[in-house]
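Listed here are the chains, written in short residue letters.
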Amino acid sequence: MAAKRIALVSIFPEMFAALTDYGISGRAVKDGLLEVRCWNPRDFTCDRHRTVDDRPYGGGPGMVMLAEPLSQALREARSWAEEAGATRSIYLSPQGRQLDQSGVEHLSQSGNLVLLAGRYEGVDERIVESLIDEEWSIGDYVLSGGELAAMVMVDAITRLIPGALGHDQSAVEDSFAQGLLDCPHYTRPEDYQGSRVPEVLLSGNHEKIRRWRLKQALGRTQQRRPDLLEKLALTPEQTQLLDEFLQESST
Ligand SMILES: COc1ccccc1CNc1ccc(C(N)=O)cn1
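Note that the coordinates shown come from a computational prediction; the quantities given were computed from them, not determined experimentally.

1. Description of the confidence of the model for the protein
Here is step 1: Across the protein, pLDDT averages 96, with 98% of residues at or above 70.
Here is step 2: Prediction confidence for the complex, expressed as pTM and ipTM, is 0.96 and 0.99 respectively.

Okay, structure coming up:
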């Protein structure tokens, strides 16, 4: 399968080493599953100070990113991504559509991406109108720049690229993929400071272990994120396991 191309537009390209040099995404780059390149609007300026921002029309605090350097950077980034196929240009901002796992799945299936990471108070709106297809937010909070939001999005998407997770992990079994929170996890030793690993996990009975993990995921979701549960149509087995969990936790 051709590598997924993700182009980044940012005045802090060095930040993206966190994606390309570490972990699952770093491995995906190394294995040729993912290609990441960055374009810096500062390289598309003509003045001595390499100015990328200016004061907002209408007054007010802060600065706004200038359209022209962004336009040139975005156009180069987009043509690189489009060389490898259909491409969608995304702007990360608090005003965007909120990202969740279903949004990640949607974006992971939509070809190549150009991600625009804004700084200051944001970018000149004419750039969003002319060159951006979709605006996305990773949550209802304000960051100093879109770079961390872009990296969150790329990391989540990369985990869904076939082959990116080794054989020992699976995005499909990810509880979040089923719309549930995750179950508890344990590893050696069996007894840690007097606290033991649940016996079922030591039993080697894989069906019992599957049911226990599903029960824990359902119970945790009910207790911590009932809003997620409301979205789900539980199977008869899931309904029964959740009832058992709630009975056990009320005793
Ligand atoms: C004041 O900052 C901005 C204002 C407007 C646009 C971009 C920025 C850059 N900051 C961001 C970016 C994304 C998110 C998010 N929630 O996805 C949070 N902050």
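2. Looking at the UniProt feature "binding site: S-adenosyl-L-methionine" (unreviewed entry) in the protein
Here is step 1: Residues given the UniProt feature "binding site: S-adenosyl-L-methionine" (unreviewed entry) here are Gly-118, Ile-138, Gly-139, Asp-140, Tyr-141, Val-142 and Leu-143.
Here is step 2: Within the secondary structure, Tyr-141 is located in the loop between β7 (134–137) and α6 (147–158).
Here is step 3: Overall, Tyr-141 belongs to the partly exposed group, its relative accessible area being 44%.
Here is step 4: Within polar-contact distance, the side chain of Tyr-141 engages the backbone oxygen of Ile-138 at 3.2 Å.
Here is step 5: If you trace the backbone, Leu-143 turns up in the loop between β7 and α6.
Here is step 6: For Leu-143, the residues in contact, after removing those within four places along its chain, are Ile-138, Leu-148 and Ala-149.

3. Topic: unusual backbone geometry
Here is step 1: The residue after Arg-188, namely Pro-189, is reached through a cis peptide bond having omega 5°.
Here is step 2: On the secondary structure map, Pro-189 appears in the loop between α6 and β8 (191–192).
Here is step 3: Even without glycine at this site, Arg-50 takes up a positive phi of about 50°.
Here is step 4: Checked against the element boundaries, Arg-50 lands in the loop between β2 (34–39) and β3 (53–54).
Here is step 5: With a phi close to 60°, Tyr-120 is a non-glycine residue in the positive phi region.
Here is step 6: Along the polypeptide, Tyr-120 turns up in the loop between β6 (112–117) and α5 (125–131).

4. Comments concerning the site of the ligand
Here is step 1: In the region of the ligand, 17 residues are neighbours, and Tyr-91, Ile-138, Gly-139, Tyr-141 and Leu-143 sit closest.
Here is step 2: Separating a nitrogen atom of the ligand from a side-chain N or O atom of Ser-137 is a distance of 3.2 Å.
Here is step 3: Backbone polar atom of Leu-143 to a nitrogen atom of the ligand: 2.8 Å apart, as the coordinates give it.
Here is step 4: Protein contacts shield 93% of the accessible area of the ligand, which totals 440 Å² for the unbound molecule.
Here is step 5: Grouping the amino acids of the shell around the ligand by side-chain chemistry returns nine nonpolar, seven polar and one charged.

5. Points about the side chain of Ser-10
Here is step 1: Position of Ser-10 relative to the elements: it lies in the loop between β1 (4–9) and α1 (17–20).
Here is step 2: At 2.8 Å, the side chain of Ser-10 and the backbone nitrogen of Phe-12 are in polar contact.

6. Topic: the packing of helix α7 (residues 206–224) against helix α9 (residues 236–250)
Here is step 1: For the pair α7 and α9, interaxial distance at closest approach is 8 Å and the crossing angle is 70°. Taken together, the axes of α7 and α9 lie roughly perpendicular to each other. The two elements α7 and α9 cross, and the hand of that crossing is right-handed. Taken together, the residues of α9 that come into contact with α7 (itself represented by Glu-207, Arg-210, Arg-211, Leu-214, Lys-215, Gln-216, Leu-218, Gly-219, Arg-220, Gln-222 and Gln-223) are Glu-237, Gln-238, Gln-240, Leu-241, Leu-242, Glu-244, Phe-245, Leu-246, Glu-248 and Ser-249.

7. With respect to the packing of helix α4 (residues 101–108) against α6
Here is step 1: Two elements in contact, α4 and α6, have axes separated by 9 Å at closest approach and are oriented at 75°. The pairing of α4 with α6 is recorded here as roughly perpendicular in orientation. Contacts from Val-104, Leu-107 and Ser-108 in α4 reach Met-153, Ala-156 and Ile-157 in α6.
Here is step 2: The residue makeup of the contact of α4 with α6, split by class, is five nonpolar, one polar and no charged.

8. Looking at the pattern of salt bridges
Here is step 1: Applying the stated criterion across every chain yields a total of 15 salt bridges.
Here is step 2: Residue Arg-126 is joined to Asp-124 by a salt bridge in which the shortest nitrogen-to-oxygen separation is 2.7 Å.
Here is step 3: Note on Arg-126: relative accessible area 54%, which makes it exposed.
Here is step 4: A salt bridge links Glu-199 to Arg-196, with the nearest nitrogen and oxygen atoms 2.9 Å apart.
Here is step 5: We classify Glu-199 as partly exposed; its relative accessible area is 48%.

Cut-off values and rules
Residues numbered from 1 in each chain as written. Predicted model: local features only at pLDDT ≥ 70, side-chain atom pairs only at ≥ 80, totals over all residues. Heavy atoms only, no water. pLDDT = per-residue confidence, 0-100. UniProt positions renumbered as here; feature names shortened; annotations may be inferred. Helix = DSSP H or I, 4+ residues; strand = E, 2+ residues; numbered from the N terminus. Buried < 20%, exposed > 50% of the residue type's maximum accessible area, 1.4 Å probe, protein only. Polar contact = N/O pair within 3.5 Å; in protein donor to acceptor, adjacent residues only side chain to side chain. Contact = heavy atoms within 4.5 Å. Near = heavy atom within 4 Å. Areas by Shrake-Rupley, 256 points an atom, 1.4 Å probe, with all protein chains shown as cover. Nonpolar A, V, L, I, M, F, W, Y, C, P; charged D, E, K, R; others polar. Axes fitted to C-alpha atoms, helices over the stretch in contact; angles between N-to-C directions. Parallel < 35°, antiparallel > 145°, perpendicular 65-115°, else oblique. Left-handed = near helix turned anticlockwise from the far one by under 90°. Salt bridge = Lys/Arg side-chain N within 4 Å of Asp/Glu carboxyl O.

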